[in-house]
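What follows is the residue order along each chain.
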Amino acid sequence: MDDALRQAALNYHREPRPGKLSIEPTKRMETQRDLALAYSPGVAAPCLDIAANPDLARDYTARANLVAVISNGTAVLGLGNIGALASKPVMEGKAVLFKKFAGIDVFDIEVDATDPDKFVEVVAALEPTFGAINLEDIKAPECFEIEAKLRERMNIPVFHDDQHGTAIVCAAAVRNGLLLQGKHLSEVKVVTSGAGAAAMACVRLLIAMGLPQDNVTLTDIKGVVYKGREGLTPELEPFARETNARTLGDVIAGADVFLGLSAPRVLKEEWLPLLAEKPLILALANPEPEVRPEIVQQVRPDAIMATGRSDYPNQVNNVLCFPYIFRGALDCGATTINAEMELACVEAIAELARIEPDEVVARAYGGAALLFGQDYIIPKPFDPRLALLIAPAVAKAAMRTGVARHPIEDFVAYEQQLQRFAYRSGQLMHPVFEKARAAQTRVAYAEGEDERVLRAAQVVVDEQLARPVLIGRRDVIKSKIVGLGLRMAVGQDVEIVDPFADEDVLVPLTEGYQKIVDRRGVTPGAARYRMRGRPALTAAMLLQKGMVGAALCGGAADWWQQTADVLPIIPRLPGLQRVYALSALILGERTLFFCDTHMNVDPTAEEVAEMTVLAADAIRRFGITPRAALLSHSNFGASNSPSARKMREALALVREDAPELEIDGEMHADAALIPALRDLMVTSSAFTNGANLLVMPNLDAANIAFTLLSAATNALQVGPMLLGMSKPIHVLTASATARGIVNMTALAASGNAAPGGD
């Protein structure tokens, strides 16, 4: 690596604190009672239960979500045998990936033992601590012996990722590469460069998938693996060929698949023409592959190529596999990871590459439209759907083969639980999604040409959340659907309303709009112009006329302007003074709702009370019990300022109008969130826990608090949701993502805009 990258890497690992991991508690530890429950004497209760029934460790401890990443440092990346201690940064990195992509907690354990039997004894003794073992960076052939012995002794999954993780991702690439090249695994000739742990695992998995063993020729640093070659290991012996060939150059001719897990530049440029027509080249040596993709492109443009590098297409990266195969294994209580589970993982990875990439992937790779083809045969590591496809497939395979101690009974519910790993909003949105699926509402999207909207519409169709109606130029929308590789069919999955072509729809909508704004200085000509140029008006009129059941506007234009466009068309509910905006922040396991973040600059006490009741009702639709805090610079009557008095008056009004609502105020924000702090200030609080609905005295406070906390914590935003509208319509902000639009679709489709909106 160059000096700049080296220094950046050292700084990354050193600052602001050394290492990449920390341990955080999952339970509150604020009072003497908390201490008594967490440790002595309360901790004795789960200890005794586990002693009586060891399986209860799954319920009372973190074991079922805890993996050990273990190495002796004998084969670290391309660095070789650098020792256990020097391997620790790699093991910490592996732990970070487990947590980031699958929510799995990890202890990295570096064992200073090169003797296989000693290493096995150390690891086997750790079984009570962990739900699974990930072996890492152990040299061959010892790695084969170590894994075999540990699998025999331990009743939890033991998985050597360098072997099996590489094999799984490699096999998925081969599956899709051959599909594109029009070839079948049972007919191809495979030649390897490398016959170590990873290469052998790849070959064995391909054979399990249907590759004839006789179609495989192995080569390594000594040349061809042939019968009678001196020093063949038990792992290589079954693959030795009866042949006079001795070098890679002797056997490369006619190969359909070149599998390189060896060293830089061993596949010579002059050998490339010898490969079969439409070959598949997997040059996985890192950081320098067996042959450069630029050379392959020049000499064999008919080839499909994969490497182990992120700066080339088709990166074979173990992170596509190991977080999710462990996720599925842990969740069903698997005692091992067997071949059937590995094959299920292969097929899930291959399947994901054949559907359009998620918006998260497109943004991570510069907005490129990644479509299944020569440069995209396996998914990208940042695809959030990997967990959703792989973990259930692995769990089902474990159940089919009888190694699941805790079979998953409801896979629909399980896949919904996995949403929390794929999308941070998954847990919050689950009840809303269920209501949307039941309602099957037609939802109009004002910005139907926006790529985010189109990606969201595909998800909405796939998850059956609503029936999308896209507003925009028909030819542009159809072209973008094709260009983005989306699968939804116009006329079947989605409808299009073209303001420039669909006169049968636009004329009556325009006439209706003209009647609404007739006394607002809008002429008939101006009304026609607006209806074509301001799609929020078209969406709102479709909703007003009952042609759709909900509408989403905004995302590409000024939020205030689009809100102003729809308010005359879709009035607020009778009896309400105002329309308000509710926004949510998802901060790990906690969700906070903020009101009013967008609409009213300085609401009165009556309006604060009104927005609080509306917001509480909206929160209940997420399946959450609202606890509202009326915030102020004043704590429980400490100030007589106008804003403090306003919040006290609002509290009295809410308690009169909604006595069932858990609410208190006026109070500081910290008192609202920390029960122990609040208890020091007042003894008569109605709260039983921290607040989840924060109601602000004015727009400045609400918007600043919301955006500041969002930026400082990297929390996920949901909203803003318009409260008090007579029909479900929301206006998207310019920062809305495709997944955010999916969430807002579900909110609109489920009638989440106002009381009685279902």
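All of these numbers come straight from a predicted model, not from anything done at the bench.

Visitor: What should I look at first to understand the pairing of strand E3 (residues 132–135) in this one?
Guide: On a regular strand, each side chain points to the face opposite its neighbour's, so the side chains alternate between the two faces of the sheet. Burial along E3 is two-sided: Ala 132 and Asn 134 and Ile 133 and Leu 135, pointing in opposite directions, are all buried. Inspection of the sheet shows strand E1 (residues 66–71) paired to E3 by 4 bridges, in the parallel sense. Paired with Val 69 across the two strands is Asn 134, which belongs to E3. Pairing geometry for E3 and strand E4 (residues 158–160), over 3 bridges, is parallel. Within E4, the residue paired with Ile 133 across the bridge is Val 158. The parallel pair E3 and E4, bridged by helix H7 (residues 142–153), forms a crossover whose chirality is right-handed.

Visitor: Can you help me understand the packing of aromatic side chains in this one?
Guide: The geometry of an aromatic ring pair is captured by the separation of the ring centres together with the interplanar angle, meaning the angle of the planes. Counting across every chain of the model gives 9 aromatic pairs. Ring geometry for Phe 594 against Phe 706: centres 5.5 Å apart, planes inclined by 70 degrees, an arrangement best described as edge-to-face. Residue Phe 594 is found in strand E17 (residues 590–595), and its partner Phe 706 is found in helix H28 (residues 699–713); the two are separated by 112 residues along the sequence. Phe 706 carries the same exposure label as Phe 594, and that label is buried. Linked through ring pairs, Phe 98, Phe 159, Phe 322 and Phe 326 together constitute an aromatic cluster. Across from the ring centre of Phe 322, 4.2 Å away, lies the NZ or CZ of Lys 94, which sits over that ring. Sitting above the plane of the Phe 411 ring, Lys 396 keeps its charged end 5.0 Å from the centroid.

Visitor: What am I meant to see in the packing of helix H24 (residues 605–620) against helix H25 (residues 642–657) here?
Guide: Two quantities define a packed helix pair, namely the angle between the helix axes and the distance between the axes. One can describe the packing of H24 onto H25 by two numbers: an axis separation of 8 Å at closest approach and a directional angle of 50 degrees. With respect to H25, the axis of H24 lies oblique. Every pair of crossing elements has a handedness; the one defined by H24 and H25 is right-handed. Judged by residue contacts, Ala 605, Glu 606, Val 608, Ala 609, Thr 612 and Val 613 of H24 engage Lys 646, Met 647, Glu 649, Ala 650, Leu 653 and Val 654 from H25. Here the residues of the contact of H24 with H25 sort into 8 nonpolar, 1 polar and 3 charged.

Visitor: Would you mind showing me how to read the pairing of strand E12 (residues 442–445) here?
Guide: Note that E12 and strand E13 (residues 467–471) share 4 bridges and pair parallel. From the neighbouring strand, Ala 444 faces E13, where its bridge partner is Val 469. A crossover connection joins E12 to the parallel E13 through helix H18 (residues 451–462); in handedness this β-α-β unit is right-handed.

Visitor: Whenever I open this one, the sheet that holds E1 confuses me. Can you help?
Guide: Sheets are built from strands that pair by backbone hydrogen bonding, the pairs being arranged parallel or antiparallel. Spatial ordering of the open sheet is given by E2-E1-E3-E4, a layout of 4 strands whose pairing is parallel. Each edge of the open sheet carries a strand with a single partner, namely strand E2 (105–110) and E4. Between one strand and the next, the sheet's axes are offset by a mean angle of 20 degrees, whatever the strand orientation. Sitting on the sheet, helix H12 (residues 322–331) is in contact with E1, E3 and E4, with an inclination near 160 degrees to E3.

Visitor: I'm lost on the nonpolar core in this one. Help?
Guide: The nonpolar side chains of a soluble globular protein tend to be buried with one another. Ile 133 and Leu 282 are the most contacted members of the largest nonpolar core, which has 109 residues in total. Sorting elements by how many residues they give to this core places helix H15 (residues 386–400) first, with 10 residues. Excluding anything up to four places from it in sequence, Ile 133 contacts Ala 68, Ile 70, Val 123, Met 154, Ile 156, Pro 157, Val 158, Phe 159 and Phe 326. Counting 65 residues, the second-largest nonpolar core is a separate cluster that includes Ile 477, Met 488, Met 611 and Val 742.

Visitor: Quick question: what am I supposed to make of the side chain of Asp 108 here?
Guide: Summarising the element assignment, Asp 108 is placed in strand E2. A distance of 2.7 Å separates the side chain of Asp 108 from the side chain of Lys 88, its partner in a polar contact.

Visitor: I would appreciate a short explanation of helix H22 (residues 535–544) in the present structure.
Guide: Because an α-helix completes one turn every 3.6 residues, residues spaced three or four positions apart along the sequence face the same direction. Within H22, 9 of the 10 residues are buried, which leaves the element mostly enclosed by the surrounding structure. Inspection of H22 places Pro 535, Ala 536, Leu 537, Thr 538, Ala 539, Ala 540, Met 541, Leu 542 and Leu 543 among the buried residues, and these make up the whole buried set.

Visitor: Just to check I follow, could you spell out the pattern of salt bridges for this structure?
Guide: Where charged atoms from two side chains of opposite charge come close, those side chains can pair. Tallying each qualifying case throughout the model produces 35 salt bridges. Between Arg 534 and Asp 565 there is a salt bridge whose closest N-O contact spans 2.5 Å. In this pair, Arg 534 is assigned in the loop between helix H21 (524–533) and H22 and Asp 565 in helix H23 (residues 559–566), connecting sequence segments 31 residues apart. Judged by relative accessible area, Arg 534 falls into the partly exposed class, the value being 26%. A relative accessible area of 8% places Asp 565 in the buried class.

Visitor: I would appreciate a short explanation of the sheet that holds E17 in the present structure.
Guide: Spatially, E19-E18-E20-E17-E16-E21 is the arrangement adopted by the 6 strands of the open sheet, whose pairing is mixed. Both outer strands of the open sheet, strand E19 (662–667) and strand E21 (716–723), are each paired with one neighbouring strand and no more. Each strand axis lies, on average, 20 degrees off the axis of its neighbour in the sheet, ignoring direction. Across 6 bridges, the pairing between strand E16 (residues 580–587) and E17 is antiparallel. Bridge pairing in E17 places Ser 583 opposite Phe 594.

Visitor: Help me understand the environment of Met 91, please; the structure alone is not making it clear to me.
Guide: In this fold, Met 91 is placed in helix H5 (residues 88–102). For Met 91, a relative accessible area of 0% translates into the label buried. With residues up to four places along the chain from it excluded, the contact list for Met 91 reads Val 69, Ser 71, Asp 108, Glu 110, Glu 136 and Asp 137.

Visitor: How should the confidence of the model for the chain be read in this particular structure?
Guide: As a note on interpretation, predicted positions should not be read in detail where pLDDT is low. For the chain, the average pLDDT comes to 89, and 97% of its residues sit at 70 or higher. Counting interchain partners and residues more than four positions distant, the pLDDT-below-50 stretch residues 752–758 has 26 contacts.

Visitor: When you look at the packing of H12 against helix H16 (residues 411–422) in this model, what are you seeing that I'm missing?
Guide: Where H12 meets H16, the closest approach of the two axes is 13 Å, and the angle between their N-to-C directions is 135 degrees. As far as their axial angle goes, H16 and H12 are oblique. Between H12 and H16 lies a crossing whose hand is right-handed. In this structure, H12 contributes Arg 327, Gly 328 and Asp 331 to the contact, and H16 contributes Tyr 414, Leu 418 and Phe 421. Of the residues contributing to the contact of H12 with H16, the split by class is 3 nonpolar, 1 polar and 2 charged.

Thresholds, definitions, all that
- Residues numbered from 1 in each chain as written.
- Predicted model: local features only at pLDDT ≥ 70, side-chain atom pairs only at ≥ 80, totals over all residues.
- Heavy atoms only, no water.
- Buried < 20%, exposed > 50% of the residue type's maximum accessible area, 1.4 Å probe, protein only.
- Helix = DSSP H or I, 4+ residues; strand = E, 2+ residues; numbered from the N terminus.
- Pairing = 2+ DSSP bridges.
- Right-handed = clockwise from strand over helix to strand, strands pointing away.
- Phe/Tyr/Trp six-rings, centres within 6.5 Å; stacked < 30°, edge-to-face > 60°.
- Lys NZ or Arg CZ within 6 Å of the ring centre and 35° of its normal.
- Axes fitted to C-alpha atoms, helices over the stretch in contact; angles between N-to-C directions.
- Parallel < 35°, antiparallel > 145°, perpendicular 65-115°, else oblique.
- Left-handed = near helix turned anticlockwise from the far one by under 90°.
- Contact = heavy atoms within 4.5 Å.
- Nonpolar A, V, L, I, M, F, W, Y, C, P; charged D, E, K, R; others polar.
- Core = buried A, V, L, I, M, F, W, Y, C linked by side-chain atoms within 4.5 Å.
- Polar contact = N/O pair within 3.5 Å; in protein donor to acceptor, adjacent residues only side chain to side chain.
- Salt bridge = Lys/Arg side-chain N within 4 Å of Asp/Glu carboxyl O.
- pLDDT = per-residue confidence, 0-100.

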